[in-house]
Amino acid sequence: MISANRNIRRLLRYRNSLCKMQELGFETVYSYNLGRETGVSPEQVRKDFSQFGIKGNKKGGYNINELLITIREIFRKDELQKVIVVGVGNIGNAILQYKGFQKNMIEIVASFDIDPTKYKKKKLPVPVYSLDKLPKFVVEHKINTAIMTVPERVAQDVADLLIEAGIKGIMNFAPTVLKVPPHIHIVNICIGHELESLIYHSLQMGNNGRGKGS
Ligand code: ATP
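Residues numbered from 1 in each chain as written. Predicted model: local features only at pLDDT ≥ 70, side-chain atom pairs only at ≥ 80, totals over all residues. Heavy atoms only, no water.

Colleague: Hey, could you run me through the packing of aromatic side chains in this one?
Modeller: Aromatic ring pairs are defined here through the distance separating the ring centres and the angle between the ring planes. All chains considered together, the criterion is met by seven aromatic pairs. Centre to centre, the rings of Y98 and F101 are 4.9 Å apart; their planes meet at 85 degrees, and the pair counts as edge-to-face. Judged by its relative accessible area of 48%, Y98 is partly exposed. Ring centres of F112 and Y129 lie 5.7 Å apart, and the angle between their planes is 50 degrees; on these two criteria the pair is classed as tilted. Highlighted residues: F112 in strand β4 (residues 106-112) and Y129 in strand β5 (residues 128-129), separated in sequence by 17 residues. Y129 gets classed as partly exposed once you look at its relative accessible area, which sits at 27%. Each residue in the set Y14, F49 and Y62 is aromatic and connected to the rest through ring pairs, giving one cluster. (Phe/Tyr/Trp six-rings, centres within 6.5 Å; stacked < 30°, edge-to-face > 60°. Buried < 20%, exposed > 50% of the residue type's maximum accessible area, 1.4 Å probe, protein only. Helix = DSSP H or I, 4+ residues; strand = E, 2+ residues; numbered from the N terminus.)

In structure tokens, the structure reads:
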């Protein structure tokens, strides 16, 4: 079991680079190549791989195909991972329309909203069910993960409902800190806060040589 979230994120970065290298016809990669591509030190790359029992060859290179197979096993990419979306507003809608999850064996199978008529209104690729259908759906379809794109004022109640239904991981787009039991994993994505933080850092960098009057 991998516990540190950062290790997981690094593995995903390695996977992206390895896929590109494989597409270009490379068979072997060295820790310094992969490190350079992913912004990680070669020592860290070797440490991460040895942690998962991945060994390099005598010259220190790694077989790209074997690396990808091992990473796929770590992320259980042999099984389709089913995910639900709760809240079909602008963000939920955009996520439902996004097709990029499929290549990584993730499928959004259904969505839930207080207003299930959104299905017809927005011509969505998956059904929109009312919330009372959620507990049964989660159990029947063995869903562990949910994307929550509801307004801030209802986020905690919706999270409680999801956890009660058996959800173990929530990607939360509401700008609020959810109170959840320790065994529940939360990823908070607050686009507004990220943008504010980026603007703050951009302002700290000065005006990039532009004169005051320009
Ligand atoms: P977004 O914030 O995604 O841009 P929006 O501004 O269109 O969306 P919001 O008011 O943020 O709309 O609501 C997001 C969605 O959450 C809407 O589709 C709304 O019907 C739904 N929603 C609101 N309350 C609940 C709830 N308690 N449970 C499930 N869905 C809800």
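Colleague: Whenever I open this one, the site of the ligand confuses me. Can you help?
Modeller: Every one of the 14 residues lining the ligand counts as a neighbour, but N90, I91, D113, K118 and L131 are closest to it. One of the backbone N or O atoms of V88 is found 3.3 Å from an oxygen atom in the ligand. I91 has a polar backbone atom sitting 2.8 Å from an oxygen atom of the ligand. Contact with the protein chains hides 72% of the accessible area of the ligand, taken as 620 Å² for the molecule alone. Across the shell around the ligand, the residue classes break down as eight nonpolar, four polar and two charged. (Near = heavy atom within 4 Å. Polar contact = N/O pair within 3.5 Å; in protein donor to acceptor, adjacent residues only side chain to side chain. Areas by Shrake-Rupley, 256 points an atom, 1.4 Å probe, with all protein chains shown as cover. Nonpolar A, V, L, I, M, F, W, Y, C, P; charged D, E, K, R; others polar.)

Colleague: How do you make sense of helix α3 (residues 42-51) when you look at a structure like this?
Modeller: Spacing of three or four residues puts side chains on the same side of an α-helix, whose turn is 3.6 residues. Within the span of α3, buried status applies to V45, D48 and F49. The buried residues of α3 occupy an angular sector of 95 degrees when projected down its axis, which confines them to one face. In this structure, the buried side of α3 is in contact with α1 (5-23), α2 (31-38), β2 (61-63) and α4 (64-74). Positioned one or two residues after α3, G53 has a phi angle of 75 degrees, which is positive. (Arc of directions from axis to C-beta. Contact = heavy atoms within 4.5 Å.)

Colleague: Explanation requested: the sheet that holds strand β8 (residues 185-188) in the structure shown.
Modeller: The pairing of strands in a sheet comes from backbone hydrogen bonds and takes either a parallel or an antiparallel form. Taking strand neighbours across the sheet as the criterion, the six strands line up as β5-β4-β3-β6-β7-β8 in an open arrangement whose pairing is parallel. Unpaired on one side and paired on the other, β5 and β8 mark the two borders of the sheet. Two strands pair when backbone bridges link them, and strand β3 (residues 81-86) and strand β6 (residues 145-148) are joined in this way by four bridges, in the parallel orientation. Residue V83 lies in a different strand from β6, and its bridge partner there is T145. In the packing of helix α8 (residues 152-165) onto the sheet, contacts are made with β3, β6 and β7 (169-172), and the angle to β6 comes to roughly 165 degrees. (Pairing = 2+ DSSP bridges. Axes fitted to C-alpha atoms, helices over the stretch in contact; angles between N-to-C directions.)

Colleague: Explanation requested: the nonpolar core in the structure shown.
Modeller: Generally speaking, nonpolar side chains in soluble globular proteins are found buried as a group. Within the largest apolar cluster, 23 residues are counted, with the highest numbers of intra-cluster contacts made by I84, V86, L134, M148, L162 and I167. For this core, the secondary structure elements donating two or more residues are β3, β4, α7 (134-140), β6 and α8. Take this core: its biggest share by element is six residues, from α8. Residue contacts for V86: discarding those within four places in its chain leaves F112, L131, L134, I147, M148, T149, V150, V158 and L162. (Core = buried A, V, L, I, M, F, W, Y, C linked by side-chain atoms within 4.5 Å.)

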